[in-house]
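Fold and geometry: a report
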Amino acid sequence: MSAQIKSSSKERSYWCLKLLALLQDMATQNTNAVQQLLADVDCLEVERRYPESGLLFAGRRWRAYYHCHETVFMHPNEHGHFHIFTDIGDQHWAHAAGLSIDAEGQPLQWFTVNRWVTDGPWLDSDVFLKQLKYITENNEEEGLVTSWLATLLALYNDTLFDLFNSRDEKIRHHSTGCSEVVTQENRDLYTLSTQSVHLQSKLEKHLLCDQGGVQG
Amino acid sequence: MKSKQARIIVGTAISAAVIAVAVDHTRQRLPDPEKQLASQQAVIIIDEGEEMPAENNGDCGKPTTLGRQASPCSL
């Protein structure tokens, strides 16, 4: 890996404030990102993608959908998860990460999966970091859900960097005696890495500590 | 978005309580997912003597070496 994203304190504060504003906006409507996404859905079906064509954001370079499986597997408290893809050129969408959501619409964890699970090209970590840079303060997202997703990706960029490192380490670990491309097709390897998410702690850590730093 | 963000944040002292209230009020019960509706299930016609297709319900919750040919979470 040749690159790493390090957010400045100012950038982190910006994304934290943006996330807090989004949460307050959702709070006033008594909703959350997933409930908002499913607002017009009469019957939520397992294995179906919501929305079917995916949500585009960050200059149409990122795309996501939400779905539920019949059997919970990513996290014991999971309701469903977002799969988040990025356009690496020529309309080739590579899977970047998944985001598990609990039954009350709260994020539980980021995760990566093996290549065969999502199909499409394998996303190298360098390319992933480059794609993250398209999520900027200047993106004018149209809706709450895409704004929320883009903000989480930006706010958790260092966590996602670690997530990718762990993913690649696991692939290397299982590639003794075979190529990594073969390991990426190994049906026994499903989830490759996880990183827990706790929005309240994240906001408290950065917003309250930053305030304290200024005052102190 | 930016003006709305400024409107909400400015003038609000950010405290642990403000953050907790915002997060708590987004805790809204999601609908329980249901199995695929019968009316929307695909009908597969098997000709006499033709081999039955392997079951693939898209469930990626049970890691197994069997029946793992599809990509259950593709775009």
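Just so it is clear, the model here is predicted, and its values are computed rather than measured. (Residues numbered from 1 in each chain as written. Chains lettered and ligands numbered in written order. Predicted model: local features only at pLDDT ≥ 70, side-chain atom pairs only at ≥ 80, totals over all residues. Heavy atoms only, no water.)

**Let's talk about the sheet that holds strand S2 (residues 62-67) of chain A**
All names here are of chain A. Pairing is antiparallel in the open sheet, where 6 strands are placed in the order S1-S2-S3-S4-S5-S6. On the outer flanks of this sheet lie strand S1 (50-57) and strand S6 (191-196), each paired with one strand and no other. Between one strand axis and the next, the sheet turns through 25 degrees on average, direction left out of account. Note: strand S4 (residues 93-102) against strand S5 (residues 107-113), 4 bridges, orientation antiparallel. Counted as the bridge partner of leucine 99 is tryptophan 110 from S5. The strands touched by helix H4 (residues 125-132) are S2, strand S3 (78-87) and S4; relative to S2, the strand with the most contacts, the crossing angle is about 100 degrees. Running over the sheet, helix H5 (residues 144-155) touches S1, S2, S3, S4 and S5 and is turned about 60 degrees from S1. (Pairing = 2+ DSSP bridges. Helix = DSSP H or I, 4+ residues; strand = E, 2+ residues; numbered from the N terminus. Axes fitted to C-alpha atoms, helices over the stretch in contact; angles between N-to-C directions. Contact = heavy atoms within 4.5 Å.)

**A word on the packing of aromatic side chains**
Residue and element names in this part refer to chain A. This structure, assessed with the given rule, holds 8 aromatic pairs over all chains. Ring centres 6.0 Å apart and planes at 20 degrees place the aromatic pair tyrosine 65 and phenylalanine 85 in the stacked group. Placement of the pair is tyrosine 65 in strand S2 and phenylalanine 85 in strand S3, with a sequence separation of 20 residues. Exposure remark for phenylalanine 85: the relative accessible area of 1% places this residue in the buried category. Aromatic pair phenylalanine 82 and tryptophan 148: ring centres 6.0 Å apart, planes at 50 degrees, arrangement tilted. Of this pair, phenylalanine 82 sits in strand S3 while tryptophan 148 is found in helix H5, placing the two residues 66 residues apart along the sequence. You can call phenylalanine 82 buried: its relative accessible area is 0%. On the basis of relative accessibility, which here comes to 2%, the residue tryptophan 148 falls in the buried class. (Phe/Tyr/Trp six-rings, centres within 6.5 Å; stacked < 30°, edge-to-face > 60°. Buried < 20%, exposed > 50% of the residue type's maximum accessible area, 1.4 Å probe, protein only.)

**Side note on helix H1 (residues 9-28) of chain A**
With 20 residues, H1 of chain A ought to run about 28 Å at 1.5 Å a step, and its terminal C-alpha atoms sit 28 Å apart, in line with that. Of the residues one or two after H1 of chain A, asparagine 30 of chain A is the one with positive phi, at around 50 degrees. (Expected span 1.5 Å × (residues − 1).)

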